[in-house]
Amino acid sequence: MFTCDMLEDIQGKDWFAAFRILVDQFSKHNHEIRVVGGAVRDILSGVSPHDIDICCTAAPDEIVDICKKEDIIYWETGIQHGTITVFKKRQVFEITSLRQDRLENDEKICVYGKSFEEDAKRRDFTINTMSMDVNCKVYDYFDGEADLKARSLKFTENADNRIKEDPLRILRYFRFMAREDLDFNMDESYLSLFERYSKRLEKVSGERIWSEISKILRSKKAGRVVSQMNQCQIFESIGMGTIPPHIIEDIDFSAQTPSCDKDIRVALVLGLLLRHDKAILEEVCTKWKVSKKTKLVSHRFCLDYIKHSTIQHKIEIYEQVYLNPEKFSEEHLTRLQYLKFDKAVLREVVTQDDIQEFEKFTLPTFPFSKEMFAKIPSFKSKQKPVLDRLRKLWVKSGFTMSLEDLMRKVES
């Protein structure tokens, strides 16, 4: 459970102050809300949670009714799935009605419920089944905290059932294995299970596949995880074919480049994985609806690009970006990240002294993220133009504008 220092830290967070107000407002209507899932897992791990998800004993229409009566700003973002997005004290929360499985005519269906334990049964891994109330009491129905401490990633109850319900959980398992901050140990007994059900991934939508794969490729542990996925024939099932061993070794080597921006790294590793076959790369990018920027960088790193790029072209990129930093542009920044990732390219174009100096160079990182807009529907139609405008302002400032500076621009 929480130490005194952890309790003090949690209760001092802005999101917790907003959560406390919501608890009071919902309790007036005889309903309980708790923080659930990944937020509780991350807090117990000493990691700052990215999102705070809440579950509630009220049904979706009751949540909306409470929001109206308590004058809570809300959006019916996923009401068909039982989720309402609320805004309280500059904090955004997703509140979801509790769910449980029920048998009807020998068929299992999902209905809204009142039990946090029944809701926890439906979650993928034991570490995600915990919930926390406003007094910071943790409700742990499936020994999630013990598994978290033991660095053991286990499916909730029956692994077969969890995977049959949603085959994407195979990729979610590997995504958690790739998390650098949690450092889980692989349960090898699952590998045969993953291989048995890997074909079911063929029916999962490309967007959902890419959502998980991109998070795996972003990790410095990608090489090891890709190797484990290869054993289970995962890549064959999602249309990438078997990954050659020497490419996995290259991914491990690339992880030694700490300065590479994580989004660019995803594109580069994807290109590295498929550099032996440009046609598959094209097909995968289309099927998974990969962004144009990611696709472009991946193509540049494909074998075809590397083979036909002249040394002079590489020297020009290096000189434009590194030797003339005052001429920086966003395109140059992308190219610089490409060069920092591919040390073999650097060795071809510069001296060892230059490489050492180059490695000291810190890449500027755009401080604003699209996730900051994602849960606010009023920004959905404006998200791209606003982000584009902010990025141009940041580049124009010489990459000096802070997150606070950019936030002021958004508010204005």
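Provided above is the structure to which this section pertains.
Residues numbered from 1 in each chain as written. Predicted model: local features only at pLDDT ≥ 70, side-chain atom pairs only at ≥ 80, totals over all residues. Heavy atoms only, no water.

### What about the pairing of strand β3 (residues 73-78)?
Looking along a regular strand, one sees the side chains alternate between the two faces of the sheet.
Then, number 1: In terms of strand pairing, β3 meets strand β4 (residues 83-88) through four bridges, oriented antiparallel. Residue pairing across strands places Tyr74 opposite Val86, the latter belonging to β4.
Then, number 2: Between β3 and β4, which follow one another and run antiparallel, lie four residues, and Gly82 among them has a positive phi close to 85°. (Pairing = 2+ DSSP bridges. Helix = DSSP H or I, 4+ residues; strand = E, 2+ residues; numbered from the N terminus.)

### A few points about the pattern of salt bridges
Then, number 1: Inspection of every chain in the model, using the stated rule, returns 20 salt bridges.
Then, number 2: Residue Glu70 is joined to Lys28 by a salt bridge in which the shortest nitrogen-to-oxygen separation is 3.4 Å. Remark: Lys28 occurs in the loop between α2 (14-27) and β1 (33-36) and Glu70 occurs in the loop between α4 (60-69) and β3; sequence separation between them is 42 residues.
Then, number 3: Where Asp124 meets Arg172, a salt bridge forms, and the shortest distance between an N and an O atom there is 2.6 Å. Of this pair, Asp124 sits in the loop between α5 (116-121) and β8 (131-132) while Arg172 sits in helix α8 (residues 169-177), and the two are 48 residues apart along the sequence.
Then, number 4: Sharing partners across several salt bridges, the network here consists of Arg41, Asp42, Arg179 and Asp181. (Salt bridge = Lys/Arg side-chain N within 4 Å of Asp/Glu carboxyl O.)

### Points about the pairing of β4
Then, number 1: Counting buried residues along β4, five of its six residues qualify, which places the element largely inside the surrounding structure.
Then, number 2: Where β4 and strand β5 (residues 91-97) come together, six bridges link them in antiparallel fashion. Among the inter-strand pairings, Thr85 is bridged to a residue of β5, identified as Glu94.
Then, number 3: In this structure, the hairpin formed by β4 and β5 is closed by a connection of two residues, where Lys89 is found at a positive phi of approximately 50°. (Buried < 20%, exposed > 50% of the residue type's maximum accessible area, 1.4 Å probe, protein only.)

### Brief notes about a positive patch on the surface
Then, number 1: Together, Arg389, Lys392, Lys396 and Lys409 line one region of the surface with positive charge.
Then, number 2: Broken down by element, the positive patch gets its largest block of residues, three residues, from helix α23 (residues 383-396).
Then, number 3: On the secondary structure map, Lys392 appears in helix α23.
Then, number 4: Relative accessible area serves as the criterion here: at 60%, Lys392 is assigned to the exposed category. (Patch = residues over 30% accessible without salt bridge, like charges linked within 9 Å, V, L, I, M, F, W, Y side chains within 5 Å. Areas by Shrake-Rupley, 256 points an atom, 1.4 Å probe, with all protein chains shown as cover. Lys, Arg positive; Asp, Glu negative; His and termini not counted. Charge placed at Lys NZ, Arg CZ, Asp CG, Glu CD.)

### Structural notes on the packing of helix α10 (residues 206-217) against helix α11 (residues 222-231)
Then, number 1: Interhelical geometry of α10 versus α11 gives an angle of 130° and a closest axis separation of 8 Å. The angle between α10 and α11 falls in the class oblique. Where α10 approaches α11, its residues Ile213, Ile216 and Leu217 are matched on the opposing element by Ala222, Val225, Val226 and Met229.
Then, number 2: Of the residues belonging to the contact of α10 with α11, the class tally is seven nonpolar, no polar and no charged. (Axes fitted to C-alpha atoms, helices over the stretch in contact; angles between N-to-C directions. Parallel < 35°, antiparallel > 145°, perpendicular 65-115°, else oblique. Contact = heavy atoms within 4.5 Å. Nonpolar A, V, L, I, M, F, W, Y, C, P; charged D, E, K, R; others polar.)

### As for α11
Then, number 1: Of all the ten residues making up α11, seven are buried; the element is thus mostly covered by neighbouring parts of the structure.
Then, number 2: Phi turns positive, to about 65°, at Gln233, one or two residues after α11.

### As for the sheet that holds β4
Then, number 1: Reading across the sheet, the seven strands line up as β3-β4-β5-β2-β1-β8-β9 and stay open at both edges, with mixed pairing between neighbours. Of all strands in the sheet, those bounded by a partner on one side alone are β3 and β9 (138-139).
Then, number 2: Strand contacts of α2: β1, β2 (53-56), β4, β5 and β8, with the helix running at about 45° to β5, the strand carrying the most contacts.

### Considering the packing of α8 against α11
Then, number 1: Close contact between α8 and α11 brings their axes to 9 Å; oriented N to C, the two are set at 150°. Here α11 runs roughly antiparallel to α8, going by the angle between their axes. The hand of the α8/α11 crossing is right-handed. On α11, the residues that touch Leu171, Phe174 and Met177 of α8 are Val225, Gln228 and Met229.
Then, number 2: Classifying every residue of the contact of α8 with α11 gives five nonpolar, one polar and no charged. (Left-handed = near helix turned anticlockwise from the far one by under 90°.)

### Topic: α4
Then, number 1: Those residues of α4 that sit buried are Pro60, Ile63, Val64, Ile66 and Cys67. Angular distribution of buried residues about the axis of α4 spans 160°; they occupy a single face of the element. Of the exposed residues in α4, those oriented more than 90 degrees away from the buried face are Asp61, Lys68 and Lys69.
Then, number 2: Once α4 finishes, Asp71 follows within two positions and takes phi at roughly 55°, a positive value. (Arc of directions from axis to C-beta.)

### Looking at the environment of Met407
Then, number 1: Within the secondary structure, Met407 sits in helix α24 (residues 403-411).
Then, number 2: On the accessibility criterion, Met407 (29% relative accessible area) is partly exposed.

### Comments concerning the side chain of Glu70
Then, number 1: Given a relative accessible area of 15%, Glu70 falls into the buried group.
Then, number 2: Here Glu70 is in contact with Gln25, Lys28 and His29, once residues within four sequence places are set aside.

### Some details on the environment of Ser402
Then, number 1: Position of Ser402 relative to the elements: it lies in the loop between α23 and α24.
Then, number 2: For Ser402 and Pro367, which are 35 residues apart along the polypeptide, the C-alpha to C-alpha distance reads 6.6 Å.

### Remarks on the packing of aromatic side chains
Then, number 1: Counted under the stated rule, the structure contains 15 aromatic pairs.
Then, number 2: What links up through ring pairs into an aromatic cluster is the set Phe125, Phe155, Tyr173, Phe174, Phe176, Tyr190 and Phe194.
Then, number 3: Across from the ring centre of Phe176, 5.2 Å away, lies the NZ or CZ of Arg175, which sits over that ring. (Phe/Tyr/Trp six-rings, centres within 6.5 Å; stacked < 30°, edge-to-face > 60°. Lys NZ or Arg CZ within 6 Å of the ring centre and 35° of its normal.)

Don't take any of this as a statement about function, it's just geometry.
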